[in-house]
Amino acid sequence: MTQKITPLIAGNWKMNGDAGSFLEVEVIKDHLAANEVNAEVVICPPATLLHRVSVALSESVAKTGAQNCHSAASGAYTGDISVAMVTEAGGEFVIVGHSERRDGYNESNEDVRAKAIAALEGGVVPIVCCGESLEVRESGKAIDVVVEQIIASCPDFTNEQELVVAYEPIWAIGTGKTASSADVDEMHNAIRAALVKRFGEQGAAIKILYGGSVKPANAKELLGVENVNGALVGGASLKADDFWGIISAA
Ligand SMILES: O=C(CO)COP(=O)(O)O
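Residues numbered from 1 in each chain as written. Predicted model: local features only at pLDDT ≥ 70, side-chain atom pairs only at ≥ 80, totals over all residues.

Looking at an unreviewed UniProt entry, one finds the chain named Triosephosphate isomerase and attributed to Maritalea porphyrae. We quote the UniProt Sequence similarities (unreviewed entry) comment for the chain here in full: "Belongs to the triosephosphate isomerase family." In UniProt, the chain has this text filed under Subunit (unreviewed entry): "Homodimer." (UniProt positions renumbered as here; feature names shortened; annotations may be inferred.)

If you want it as structure tokens, here you go:
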């Protein structure tokens, strides 16, 4: 069932970053130019910086993405951005269904699925996020809840399209706590099995990223777990040296 998948290391800057962040982007770009890496690299800055970061990385193997999009093509959606706007700004990926949006903006699995469909139709790779709260983890239902969430949030896609999944236990985000390798192994295997059941061969090739306090110090161990095909990195993606430490652990 397992096949060789090039890992994806994606940085989610969240609501962080300013003009000074370009120095960090330049450092990553230099590292990528000078070294061979065994990973696809994506930076997801805030929407206001997406175009500038895309331009800064235009000569680099690193790609960019947005942190969210609307499911509609255009219209009266104050404050939102469409997939076409992401593309125009140079973005090739979009994070959808991050727990900070599910919790903070009441985004449902249906909302996330609609955004992922819009992304796929617009030629952008959706990174569909899932993850359980501490309460759910302690209740022993984490696997059931996450599998249900991811299957309900992922739309069908063609062989020409790509869809990425990210498992981010909410209690590990920004807390310095990471799931144990055994828990990550169990969860990623369950997600893989569910994706294969739902999508067949396509499901075996979907990248499943782990996110939640990934740092240079724990990256090698986490990325070495079966069915962990990369990382979705928050805080550590803001500092080039830390982000590079994770990229080079892949
Ligand atoms: O939410 C995350 C990435 O999307 C993880 O954030 P941290 O790496 O800061 O825990």
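The rest of the description comes next.
By size, the foremost hydrophobic cluster in this structure holds 75 residues, and its most contacted members are Val94, Ile127 and Ala231. Leave out the neighbours within four places in its chain, and Ile127 touches Ala10, Phe93, Val94, Ile95, Val96, Val164, Ala166 and Leu232. (Core = buried A, V, L, I, M, F, W, Y, C linked by C-beta atoms within 7 Å. Buried ≥ 20, exposed ≤ 12 C-beta atoms within 10 Å, placed from the backbone. Contact = placed C-beta atoms within 7 Å.)

Lining the immediate environment of the ligand, one finds 14 residues, of which Asn12, Ile173, Ser213, Gly234 and Gly235 sit closest. A per-class count over the shell around the ligand returns five nonpolar, eight polar and one charged. (Near = placed C-beta within 6 Å. Nonpolar A, V, L, I, M, F, W, Y, C, P; charged D, E, K, R; others polar.)

Moving on, we come to the UniProt feature "active site" (unreviewed entry) in the chain. Annotation from UniProt places "active site" (unreviewed entry) at His98 and Glu168. The greatest C-alpha distance among the annotated residues, which extend across 71 residues, is 8.4 Å, indicating that they converge on a single site. Examined against the element boundaries, His98 turns out to sit in the loop between β4 (93-96) and α4 (99-104). Tracing the backbone shows Glu168 in the loop between β6 (164-167) and α8 (181-199). The buried category is assigned to Glu168, around which 27 C-beta atoms lie within 10 Å. Ignoring sequence-local partners within four residues, the contact set of Glu168 consists of Ser99, Cys129, Gly131, Ile173, Gly211, Gly212 and Leu232. (Helix = DSSP H or I, 4+ residues; strand = E, 2+ residues; numbered from the N terminus.)

Looking now at the sheet that holds strand β8 (residues 230-233). Strand order in the closed barrel made by the eight strands is β1-β2-β3-β4-β5-β6-β7-β8, with parallel pairing throughout. Taking the axes of each pair of neighbouring strands and ignoring which way they run, one obtains an average angle of 25° across the sheet. Pairing geometry for strand β1 (residues 8-12) and β8, over four bridges, is parallel. Bridge pairing in β8 links Gly11 to Val233. Its contacts with the sheet place helix α5 (residues 109-121) against β4 and β5 (125-130), and it is angled at close to 160° to β5. (Pairing = 2+ DSSP bridges. Axes fitted to C-alpha atoms, helices over the stretch in contact; angles between N-to-C directions.)

Time to look at unusual backbone geometry. Trans peptide bonds make up the majority, and among non-glycine residues the majority have a negative phi. Even without glycine at this site, Lys14 takes up a positive phi of about 55°. By the secondary structure assignment, Lys14 is in the loop between β1 and α1 (21-34).

Of all five residues that make up β1, five are buried, and the element is covered over most of its length. Going residue by residue along β1, you find Leu8, Ala10 and Asn12 tucked away on one face and Ile9 and Gly11 tucked away on the opposite face as well. Two elements, β1 and strand β2 (residues 40-44), share five bridges in a ladder whose sense is parallel. Bridge pairing links Gly11 to Ile43 in β2.

Attention now goes to helix α11 (residues 240-247). Counting buried positions over the eight residues of α11 gives six, a clear majority of the element. Restricting attention to buried positions, one finds in α11 the residues Ala240, Asp242, Phe243, Trp244, Ile246 and Ile247. Along its buried surface, α11 packs onto β1, α1, β2, α10 (216-223) and β8.

Here we come to the packing of α1 against α11. Where α1 meets α11, the axes come as close as 9 Å, and the angle between the chain directions of the two elements is 30°. Pair α1 / α11 crosses with right-handed handedness. Where α1 abuts α11, its residues Glu24, Val27, Ile28 and His31 lie against Ala240, Phe243 and Trp244. When grouped by side-chain class, the residues that make up the contact of α1 with α11 number five nonpolar, one polar and one charged. (Left-handed = near helix turned anticlockwise from the far one by under 90°.)

Those places that UniProt annotates as "binding site: substrate" (unreviewed entry) correspond, in this numbering, to Asn12, Trp13, Lys14, Gly174, Ser213, Gly234 and Gly235. Of the residues just listed, which span 224 residues, no C-alpha pair is farther apart than 13.7 Å, and they cluster in one region. As for its placement among the helices and strands, Gly235 is situated in the loop between β8 and α11. With 19 C-beta atoms packed within 10 Å, Gly235 lands in the partly exposed category.

This next bit is on the confidence of the model for the chain. Taken as a whole, the chain shows an average pLDDT of 96; of its residues, 99% reach a score of 70 or greater. What the predictor reports for the complex is a pTM of 0.97 with an ipTM of 0.99. (pLDDT = per-residue confidence, 0-100.)

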